[in-house]
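Read off the chains here:
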Amino acid sequence: MIDEVSRILEGVFQEVARTRDRCEQLAAPADAEDRDLTTADFAALPELLRQQLASGRDLISGVGFIAEPGLLGDVPVWLDWWQNAPDGSFRPLQLDLDPNTSAYSDYTHWEWFTVPRATGGRAVSGPYVDYLCSDEYSLTLALPVYSAGRFIGVAAADVYLRHFENAVMPALQQLPGPACLVNTRGRVVASTDPRHLAGSLLKDPPLGETRSSAAAPAPGGPGPSLLSCGEIPLHLVTGHA
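Residues numbered from 1 in each chain as written. Predicted model: local features only at pLDDT ≥ 70, side-chain atom pairs only at ≥ 80, totals over all residues. Heavy atoms only, no water.

As a further point, take the nonpolar core. Note that soluble globular proteins tend to have their nonpolar side chains buried in a common cluster. Ranked by size, the top nonpolar core spans 65 residues in total, and within it F42, F65, I66, W112, F164, L181 and L234 carry the most contacts. Sorting elements by how many residues they give to this core places helix 1 (residues 2-32) first, with 12 residues. Counting residues in each nonpolar core, the second largest holds six residues, with V182, L202, L226 and V237 among its members. (Core = buried A, V, L, I, M, F, W, Y, C linked by side-chain atoms within 4.5 Å. Buried < 20%, exposed > 50% of the residue type's maximum accessible area, 1.4 Å probe, protein only. Helix = DSSP H or I, 4+ residues; strand = E, 2+ residues; numbered from the N terminus.)

This is the structure:
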């Protein structure tokens, strides 16, 4: 079960890492020339983003780069985000980012932005209703992007929760008892436990007591079990009241 969850989300993180690497490549000339970055420096990014959506249709619903506010010389805030369209094509997300008219102009409070910026590591945010992009119940996987040693934004990908549940539920249902996957805040991501539905908050999950899959009790065994999903910031919880 743990291996299956890791395999599924590692595939998404690999695509996020490709976005990160491409952004760092595109930012490098400006840093080498000691000039401000602009949106024009990232003009080649959409080609990769469309390729990623085409190859990840079963899971990835959106992908892109979100810049650190104040980074670019020509706009105060900016994102280059592409997503699947209902007709099967790919379209850029068009947002009003004017702070005088838009509720979305400050995206720096979103967990998918704050965690990579603060920790330098991975983030799995959600599930949450993604009012910014799709109005769908979603997960967002994100990585920090750096250029010349400075944080310049995050690379991220969206996964609709219904697609993630379809991918992991067969493995989750093979466990001998009710179980759920939770993020580091205790938010349920997928579940076979009717007491803890996806999106709910697990009360007092013992996340400080996380064990590796080798050291933890077998899922479904006596007492609560909490298994780490390795490098993926999720946990498998069984036997939790």
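Read on for the rest.
Between two packed helices, what matters for the description is the angle formed by their axes and the separation of those axes. One way to put it is that helix 1 packs onto helix 4 (residues 161-172) with a least axis distance of 9 Å and a crossing angle of 160 degrees. In terms of axis orientation, helix 1 runs roughly antiparallel to helix 4. In this structure, the crossing between helix 1 and helix 4 has a hand that is right-handed. When helix 1 is examined against helix 4, the residues E4, V5, I8 and L9 are found in contact with a partner set consisting of F164, A167, V168 and A171. Class assignment for the residues of the contact of helix 1 with helix 4 results in seven nonpolar, no polar and one charged. (Axes fitted to C-alpha atoms, helices over the stretch in contact; angles between N-to-C directions. Parallel < 35°, antiparallel > 145°, perpendicular 65-115°, else oblique. Left-handed = near helix turned anticlockwise from the far one by under 90°. Contact = heavy atoms within 4.5 Å. Nonpolar A, V, L, I, M, F, W, Y, C, P; charged D, E, K, R; others polar.)

A separate point is the sheet that holds strand 4 (residues 123-129). Read from one edge to the other, the open sheet built from six strands follows the order 3-2-1-6-5-4, with strand pairing classed as antiparallel. What marks the edges here is a single partner per strand, and that holds for strand 3 (90-92) and strand 4. Going from strand to strand, the sheet's axes swing by 20 degrees on average, the running direction of each strand aside. As defined by bridge partners, strand 1 (residues 60-67) adjoins strand 6 (residues 150-160) across seven bridges and the pair is classed as antiparallel. Among the inter-strand pairings, I60 is bridged to a residue of strand 6, identified as V159. In this fold helix 1 packs onto strand 1, strand 4, strand 5 (137-147) and strand 6, with an angle of close to 35 degrees to the strand it touches most, strand 5. Its contacts with the sheet put helix 4 on strand 4, strand 5 and strand 6, and the angle it makes with strand 6 is roughly 70 degrees. (Pairing = 2+ DSSP bridges.)

The next thing to look at is the packing of aromatic side chains. A full pass over the atoms with the stated rule returns nine aromatic pairs. Taking the centre distance of 5.1 Å and the plane angle of 25 degrees together, the rings of F42 and F65 count as stacked. Linking F42 in the loop between helix 1 and helix 2 (45-55) with F65 in strand 1, this pair joins segments that are 23 residues apart in sequence. Here the two residues F42 and F65 agree in accessibility, since each one is buried. With a centroid separation of 6.3 Å and an interplanar angle of 80 degrees, the aromatic rings of W112 and F113 are classed as edge-to-face. (Phe/Tyr/Trp six-rings, centres within 6.5 Å; stacked < 30°, edge-to-face > 60°.)

Okay, the side chain of D80 next. For D80, the location among the structural elements is in strand 2 (residues 79-84). One buried charged residue, D80, forms no salt bridge at all, with the nearest opposite charge on R50 at 7.5 Å. A polar side-chain atom of D80 sits 3.2 Å from a polar atom in the side chain of W82. Discounting residues that sit within four places of it in the chain, D80 has contacts with F42, L45, P46, L49, V63, G64 and F65. (Lys, Arg positive; Asp, Glu negative; His and termini not counted. Salt bridge = Lys/Arg side-chain N within 4 Å of Asp/Glu carboxyl O. Polar contact = N/O pair within 3.5 Å; in protein donor to acceptor, adjacent residues only side chain to side chain.)

Opposite charge on two side chains permits pairing when their charged atoms draw close. Counting across every chain of the model gives 10 salt bridges. E4 is the salt-bridge partner of R7, the closest N and O atoms lying 2.6 Å from each other. On the criterion of helical spacing, the pair formed by R7 and E4 is a turn pair, its members being three residues apart in helix 1. Take R7: its relative accessible area is 53%, and that puts it in the exposed class. In this structure, R35 engages E33 in a salt bridge whose closest nitrogen and oxygen atoms are separated by 2.6 Å. One network of salt bridges, in which partners are shared, links E33, R35 and D41.

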